[in-house]
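A closer look at the structure
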Amino acid sequence: MYTDSHCHITCDRLYSRIDEIIENIKIKNVTSCMIMCTSPEELDRAKKIKEEYPFFKIAFGWFPSDAKEIADKEIQYLIDQTPYLDCLGEIGLDYYWDTSFNDLQKELFIKQIQIANEHNLPISIHMRESTKDCMDILKQYAKTKIIFHCFSGSKETMLECLKMNSMISFAGPITFKNARHAPECIEVCPIDRIITETDSPYLTPVPYRGKENEPMYVEYVAKKICEIKQLDEAYACRQIEENFNSIFD
């Protein structure tokens, strides 16, 4: 029923209790889930999980902040892993913490988009304080389906995103009182272009904000979308899951 399109359950913080997390996924009826991996170790863990639980999808990509450390060896590693991946990501641009190597971030972003194109993999996009550059690069280079992960931009930006072959993914912050753009974006976004995520262990939704996040809490993201759009929850969750699955068709 519920869909978590973006969770980091193989990161050290969550992997230490992975059996409990997977049991909670089953109990809470999270039937679609994509594990986001940011290192070879996390990816190896995800492969083992998928062997036992085939309903999981796996994504891997080099994060923007890694750009200074990524050389030909790391790019080749990513290429070698493409047979095991359902999605390439999260990739993109992040100018929030450090703008001293924006050009390196752009180079890495473009390289990874090109790899996704060559291997027909959808891409999951991290876009923080970098909207114009990120959108310009996607418009020029992206040829596969796009997930705009943890979307927090304006309605105008979202409408530009929707002109691409994309899904808009909403996470826990839409439940926060200080969510600025989320209500308007959710109202305007067609339900057949929306997916849900936790970005766990981060961004835990209300009413569990402050606790460590995990996929079972995606229920509260879905409920908030239904509240804003005045939709039946069962109907909306079926549509969201269909949207998610269509990314991999």
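All of these numbers come straight from a predicted model, not from anything done at the bench. (Residues numbered from 1 in each chain as written. Predicted model: local features only at pLDDT ≥ 70, side-chain atom pairs only at ≥ 80, totals over all residues. Heavy atoms only, no water.)

**Digging into the overall build of the protein chain**
Each helix and strand counted, the protein chain has 10 helices and 8 strands in total. Against the 2.2 N^0.38 benchmark of 18 Å for 249 residues, the protein chain shows a C-alpha radius of gyration of 17 Å, consistent with a compact globule. Each of the three principal axes of the protein chain carries a C-alpha extent, and together these read 50 × 40 × 35 Å. Across the 249 residues in the protein chain, those meeting the buried criterion constitute 55%. Considering only residue pairs separated by 6 or more positions, the protein chain has 70% of its internal contacts joining residues 24 or more positions apart. (Helix = DSSP H or I, 4+ residues; strand = E, 2+ residues; numbered from the N terminus. Rg over C-alpha atoms; globule rule 2.2 N^0.38 Å. Buried < 20%, exposed > 50% of the residue type's maximum accessible area, 1.4 Å probe, protein only. Contact = heavy atoms within 4.5 Å.)

**Details of helix H5 (residues 102-118)**
Since the α-helix packs 3.6 residues into each turn, any two residues three or four apart lie on the same face. A rise of 1.5 Å per residue sets the reference length of H5, with its 17 residues, at 24 Å; its end C-alpha atoms lie 24 Å apart and thus fit the reference within 8%. Tucked into the core, H5 has its buried residues touching helix H4 (72-81), strand S4 (87-94), strand S5 (123-128) and helix H6 (131-141). Where H5 ends, the next residue or the one after it, asparagine 120, has phi of about 55°, a positive value. (Expected span 1.5 Å × (residues − 1).)

**Here's the deal with the packing of aromatic side chains**
Aromatic ring pairs are described here by two measures, namely the spacing of the ring centres and the angle between the planes. As enumerated under the stated definition, the model contains 10 aromatic pairs in all. Summarising the aromatic geometry, the rings of phenylalanine 55 and phenylalanine 56 are spaced 4.4 Å apart at their centres and angled 25° between planes, so their arrangement reads as stacked. Judged by relative accessible area, phenylalanine 55 falls into the partly exposed class, the value being 32%. A residue is classified by how much of its surface remains accessible, and phenylalanine 56, at 0% relative accessible area, is buried. Ring pairing ties together the aromatic residues Tyr53, Phe55 and Phe56, which thus form one cluster. The residue whose ring lies beneath lysine 47 is tyrosine 84, and the NZ or CZ to ring-centre distance is 4.1 Å. One Lys or Arg, lysine 57, reaches over the ring of phenylalanine 248 and ends 4.8 Å from the middle of that ring. (Phe/Tyr/Trp six-rings, centres within 6.5 Å; stacked < 30°, edge-to-face > 60°. Lys NZ or Arg CZ within 6 Å of the ring centre and 35° of its normal.)

**As for the side chain of glutamate 197**
As for its position among the elements, glutamate 197 is in the loop between strand S8 (194-196) and helix H9 (218-229). We note that glutamate 197 is buried and unpaired, the nearest opposite charge coming from arginine 128 at a distance of 13 Å. From its side chain, glutamate 197 meets the backbone nitrogen of cysteine 150 in a polar contact 2.6 Å long. With residues up to four places along the chain from it excluded, the contact list for glutamate 197 reads Thr3, Asp4, Ser5, His6, His149, Cys150, Ser169, Phe170, Ala171, Gly172, Val218 and Val221. (Lys, Arg positive; Asp, Glu negative; His and termini not counted. Salt bridge = Lys/Arg side-chain N within 4 Å of Asp/Glu carboxyl O. Polar contact = N/O pair within 3.5 Å; in protein donor to acceptor, adjacent residues only side chain to side chain.)

**Things to note about the UniProt feature "binding site: a divalent metal cation 2" (unreviewed entry) in the protein chain**
Annotation from UniProt places "binding site: a divalent metal cation 2" (unreviewed entry) at His126 and His149. These annotated residues cover 24 residues of sequence, and their C-alpha atoms all fall within 6.1 Å of one another, placing them together at a single site. Residue histidine 126 is classed as buried on the basis of its relative accessible area of 11%. With residues near it in sequence (within four places) discarded, histidine 126 still touches Phe63, Pro64, Glu90, Ile91, Gly92, Leu93, Asp94, Cys134 and His149. A distance of 2.9 Å separates the side chain of histidine 126 from the side chain of glutamate 90, its partner in a polar contact. Each residue touching histidine 149, except ones within four places of it in the same chain, is listed here: His6, Glu90, Ser124, Ile125, His126, Ser169, Glu197 and Asp199. (UniProt positions renumbered as here; feature names shortened; annotations may be inferred.)

**A word on the nonpolar core**
Grouped together as the largest cluster of nonpolar side chains are 79 residues, with contacts concentrated most on Leu138, Phe148 and Phe170. Beyond its immediate chain neighbours, meaning those up to four positions away, phenylalanine 170 contacts Phe151, Met158, Cys185, Ile186, Ile194, Ile195, Thr196, Glu197, Val221 and Ile225. (Core = buried A, V, L, I, M, F, W, Y, C linked by side-chain atoms within 4.5 Å.)

**So, the packing of H4 against H5**
Running from N to C, H4 and H5 cross one another at 25°; their axes reach a closest spacing of 11 Å. One finds that H4 runs roughly parallel with respect to H5. Crossing angle aside, the handedness with which H4 passes H5 is right-handed. Residues Ile75, Leu78 and Ile79 of H4 form the contact with H5, whose own contacting residues are Leu108, Lys111, Gln112 and Ile115. (Axes fitted to C-alpha atoms, helices over the stretch in contact; angles between N-to-C directions. Parallel < 35°, antiparallel > 145°, perpendicular 65-115°, else oblique. Left-handed = near helix turned anticlockwise from the far one by under 90°.)

**Considerations on helix H7 (residues 155-162)**
Inspection of H7 places Thr157, Met158, Cys161 and Leu162 among the buried residues, and these make up the whole buried set. The buried residues of H7 occupy one face: seen down the axis, they fall within an arc of 140°. Residues of H7 that are buried sit in contact with S5, H6, strand S6 (146-148), strand S7 (166-170) and helix H8 (182-188). (Arc of directions from axis to C-beta.)

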